[in-house]
Amino acid sequence: MQSQNASPDCEPDRSTTGAGGPLFGRDAELRELDAFFSRAGHDGAVLLLTGDAGVGKSVLLDAAAGRAVRAGARVVRASGVQFEADVGYAVLNQLLLPLAPAFTRLDEAERNPLMVALGLQSGRVPDRTEVARTSLALLRREAEARALFLVVDDLPWIDRPTATVLRFLAANLGGSRIGLLTASRTGEDVYFDPAGLPALCVGPVDEGSADELLRHAFPEMAARVRQRVLAEAKGNPLALLELPDALHPTQLAARAALPDVLPLTASIEALFTTRINQLPPNTREALLLAVLEGSGDLRLLERAAPATQGASALAPAEEAKLVERDDATGRLLFRHPLVRSAVVESSTNTERRRAHRTLAHLFTQDPERRAWHLAESATEPDEAVAGLLEEAARRKLQRGDATGALAALTRAAHLSPESVDRGRRLAEAAYLGADVTGELGSATQLLNQARAIDPELSGSLHAAAAAAWVTVNGDGIIDTAHRLLVGAIENGDHGYEAANTDLIDALYMLVIICWWAGREEFWPPLFRAIERLKPEPPEIILLMSRAFPDTARATAGTRQALAELIARQDAEFDPGSLVRVNTSAVYLDLLGGCRASAWRLIESGRAGGTVRSSLACFMHLCLDDFATGRWEESQRLADEGLALAKANGYDFIAWYFLFHEALLAAVRGENAALHEWADELTRVTTLRRAYGAARFAHHARTLGAIGQGDFEAAYHHACDLSPAGTLAPYTPHAMWVALDLVEAAVRTDRRPQAEAHVRAMCEAALWEVSPRLGMLTLAARALVAPDTHALALFDEAVNVPGGQEWPFDHARVHLLYGERLRRSRAAREAREHLRTALDLFDRLGAAPWSARAATELRAAGQPQPHPSAGRAVAAGLTAQETEIALLAAEGLTNKQIGERLQLSPRTVGSHLYRIFPKLGIGSRAALRDALSG
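What you see is a predicted model; the values in this text were computed from it and never measured.

Asker: I tried to follow the pairing of strand S5 (residues 74-79) on my own but got confused; where do I start?
Answerer: Every other side chain in a regular strand lies on the same face of the sheet, so the side chains alternate between the two faces. In terms of burial, S5 is largely enclosed, as five of its six residues are buried. In terms of strand pairing, S5 meets strand S6 (residues 148-153) through six bridges, oriented parallel. Bridged to Arg-74 within S6 is Leu-148.

Asker: Would you explain the environment of Glu-755 in this entry?
Answerer: Locating Glu-755 in the fold gives a position in helix H38 (residues 751-763). Glu-755 gets classed as partly exposed once you look at its relative accessible area, which sits at 30%. For Glu-755 and Cys-617, which are 138 residues apart along the polypeptide, the C-alpha to C-alpha distance reads 37 Å.

Asker: Looking at this model, I keep getting lost on the side chain of Arg-772. Mind explaining?
Answerer: Along the chain, Arg-772 falls in helix H40 (residues 771-784). For Arg-772, the residues in contact, after removing those within four places along its chain, are Asp-589, Trp-736, Trp-806 and Asp-809.

Asker: In this structure, what is going on with empty space enclosed by the protein? I would like to understand it.
Answerer: Space left empty within the atom packing is revealed by a probe, the size of a water molecule, rolled over the atoms. Within this structure, the stated rule accounts for four cavities of 30 Å³ or more. The computed volume of the largest cavity comes to approximately 120 Å³. Considering the residues around the largest cavity, the lining is formed by 17 residues, among which Trp-515, Thr-583, Met-619, His-620 and Tyr-656 are closest to the centre. Those elements that provide at least two residues to the lining of the largest cavity are helix H24 (501-517) and helix H30 (611-628). It is H30 that contributes the most residues to the lining of the largest cavity, five residues altogether. Here the residues of the lining of the largest cavity are counted per class, giving 14 nonpolar, two polar and one charged.

Asker: Would you mind showing me how to read the pattern of salt bridges here?
Answerer: A pair can form between side chains of opposite charge whenever their charged atoms are brought close. Tallied over the full model, the rule gives 52 salt bridges. Here Arg-701 ties to Asp-679 by a salt bridge, and the two come within 2.7 Å at their closest N and O atoms. One end of the pair, Arg-701, is in helix H35 (residues 696-707); the other, Asp-679, is in helix H33 (residues 671-686), with 22 residues separating them in the sequence. Relative accessible area serves as the criterion here: at 12%, Arg-701 is assigned to the buried category. Close ionic contact of Arg-683 with Glu-680 constitutes a salt bridge, the shortest N to O distance being 2.9 Å. Taken together, the residues Arg-683 and Glu-680, both in helix H33 and three residues apart, mark about one turn of the helix. Using a relative accessible area of 29% as the deciding quantity, one classes Glu-680 as partly exposed. Because the salt bridges share partners, they merge into one network encompassing Glu-383, Glu-390, Arg-394, Asp-421, Arg-424, Arg-425 and Glu-428.

Asker: Help me understand the pairing of S6 in this model?
Answerer: Judged by how many residues are buried, S6 sits mostly within the fold: six of six residues are covered. With burial as the criterion, each face of S6 is covered, one bearing Leu-148, Leu-150 and Val-152 and the other bearing Phe-149, Val-151 and Asp-153. Pairing of S6 with strand S7 (residues 178-185), which is carried by five bridges, proceeds in the parallel orientation. Within the sheet, the bridge partner assigned to Phe-149 lies in S7 and is Gly-179.

Asker: Is there a simple way to explain the nonpolar core in this structure?
Answerer: If you look at the biggest cluster of nonpolar residues, it comprises 190 residues, and the most contacted ones within it are Leu-507, Trp-515, Trp-516, Trp-655 and Phe-808. Counting residues per element, this core draws most heavily on H24, which supplies 14 residues. Not counting the four nearest positions on each side in its chain, Trp-516 is found in contact with Trp-469, Val-472, Ile-478, Met-509, Phe-652, Ile-653, Trp-655, Tyr-656, Ala-690, Tyr-691, Gly-692 and Ala-693. Membership of the second largest hydrophobic core comes to 38 residues, among which are Val-46, Leu-148, Leu-150 and Leu-155.

Asker: Mind showing me how you'd approach the environment of Leu-446 here?
Answerer: Tracing the backbone through its elements, the reader meets Leu-446 in helix H21 (residues 440-453). Accessibility expressed as a relative area gives 9% for Leu-446, which makes it buried. Once residues within four sequence positions are removed from consideration, Leu-446 is found in contact with Thr-410, Leu-426, Ala-429 and Ala-430.

Cut-offs applied
- Residues numbered from 1 in each chain as written.
- Predicted model: local features only at pLDDT ≥ 70, side-chain atom pairs only at ≥ 80, totals over all residues.
- Heavy atoms only, no water.
- Buried < 20%, exposed > 50% of the residue type's maximum accessible area, 1.4 Å probe, protein only.
- Helix = DSSP H or I, 4+ residues; strand = E, 2+ residues; numbered from the N terminus.
- Pairing = 2+ DSSP bridges.
- Contact = heavy atoms within 4.5 Å.
- 1 Å grid on protein atoms, 1.4 Å probe; cavity = no way out; pocket = protein on both sides within 12 Å on 5 of 7 lines; lining within 4 Å.
- Points joined across faces, edges and corners; volume = space filled by probe spheres on them.
- Nonpolar A, V, L, I, M, F, W, Y, C, P; charged D, E, K, R; others polar.
- Salt bridge = Lys/Arg side-chain N within 4 Å of Asp/Glu carboxyl O.
- Core = buried A, V, L, I, M, F, W, Y, C linked by side-chain atoms within 4.5 Å.

Printed below as a string of structure tokens:
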């Protein structure tokens, strides 16, 4: 019994709260309720909420009542109770007792029968119609001062006399300020006759809102677990909130495997178990078989349960509204996914094992399903079953189901009689968790279990690979991870057979470890191991060893062979294979052909599947997006990848995205942010002695310095990646800053170093590595060539086929070409290339380069809007004097201005000497004020 009063202020839909917190996905229903209250407050109205159990009808009633109270109405609430369903006027008593003070305003002839009906005095039991009329009169009088709302929940459990009164009220509220709001489960028998009354059907919440609800209620829940709960709950809010409560914290965080059927809490179980327990034994057995079989195939059920009369035994379950047949497909459908869980919860361990054994005998043609049913029926370790599960894991991985493969391996380990097999399978599961599914915490636990079972596991390749992942993302260093892997590879009992997947997995991991380390001496053990593979190395590991470690020295034909392999990726689903192909494509500029497979793994990771694999794919897409000018998408992916890495414990892998954040800040001229990101990247990587990864920060710092016109700093950062005159071995990233180094060397009067670096680029034949690098090599050659040859090289560079596919690099070549033309007194031709560069930079949002292109355009004689240019022109400054004055006013030194405009510092000083008198000033400090007029 409850009466509510409050002030009339009202809140917006999205902030409305029920007993369980914010309401998600119920804006439409709340608008309907608001409209109902508005109608009722003027001319009376009734509304019946209907929906399945747990769908949130009661929470909506709570929210609606709260909104009505805040709008200034009075709300009286009641609820049907099962054990009072036979007590006359029990619910009417709840509704009217809060209004007892108003009884005195009724005349005695009205009041006495009502008091008797409510059990407040003795006397003749009144007629129900009489009680209904008196109740309506009382309510109308109470609603005269302000609107009155009656909210009745659990309509199926209200007593028959109250149902009669409520039906009378519902038909006679017109002209009053009374609202009657009730709620009932769909399909339930009730005494209250709803015929002809307005109804609002409350359905499940949509998937987005369900996901939002889970994130709000269980922020610690792992993505994979959240997807499972979403699938099981089917938008039922009660199930969304209750199913996670039945899980162990390790399961909630995805550090332990989830059961095939999620367990129920008492509150959910109570929704269905009463009906299930009332079914005949053969019906319950048939239901259990149907649940554990999974597909609902009625023909299979007939074969599985002849003793239970098969599908015909399900008739009582249909009558209880638990299941229904779909004759069109020949399948059994459960009315709600939670019925499945309730069926399992209502069965015993013995009954479940018996059902699994029955099903295992039916799946002789489906080895994966047979293996699972045999495993679930087992009561002790069984190597035959464990072997079947291990084979099932292999097939699942080939199909891209890494999460299923991990679960199968873990179960196989637990069924392994011998400790060596148990440890081996746990180690492989640990590797999958660390390298593919992103369950680093689970990987650590599985690895510890494996070592506890088999102390000799140190030589296991999967154990070493998993330990490498755990080491670098924890407090360990790259050297330790390298030593673990090399030791396992060189001392393992694998015979270097190329068919050993654990050996290939370990070699791939070693490639990545060596790349992160950035030290030449780390690579020889890898190449020795690949050479020893027999009968021959697998195609992908061979291509990866040629294309990725030292791309500038890749053998002829590597790019073409990899392009052909990428073209066949549509038929590949193994996450490990896809990531290896994509990784091999990075420095050959072939990532464009890998985008579809990368997106597949990212979507899988977002759904809680291949989380770790998706981190590599986030990086691959970021790299391709940057090169191809999709900077906004690159920013979104970098942000998401960084958050995902940190959320899943991949603290080291976060450097991938710290690099992209720094890179994007550099090209946008966000200097402070650039150095923040680059400093964090350097900290994360050098802490683990991952010097190859640490060098990536110099790429971003090089671009940032060039954007700021600080070519001295740019030169040093570029040389930190690779010294001038060489493309450092096993530092493929050096190719990406080769043009930057040459430009910075030219601008800082280091022509010999610039020429030496151009020779290194040509000796490496970078045009064979990729067309983009070919374009940049032509531009670098043009920078050090005499004018007669330079212009032809620049012209060839800007016309490289497909150059427009790399807009930032293409724009930079146009900018360099335009600058060279301007200095060669070809102003008209210069303006053409400078305008192209400016348009591209503007479109990308590369602010420092846009400013530089605009400056060059003004110097080439094309007026550009500038807040101070008009004053400079009015003072009689030439185009070049104007540019020098503007740059000096910004605070640049003579040396920096000279680097920007390719003049000597002495020439800049001479120009300033002539500029000051024209502007009527005597010092550099007065330039800004003089130009601002």
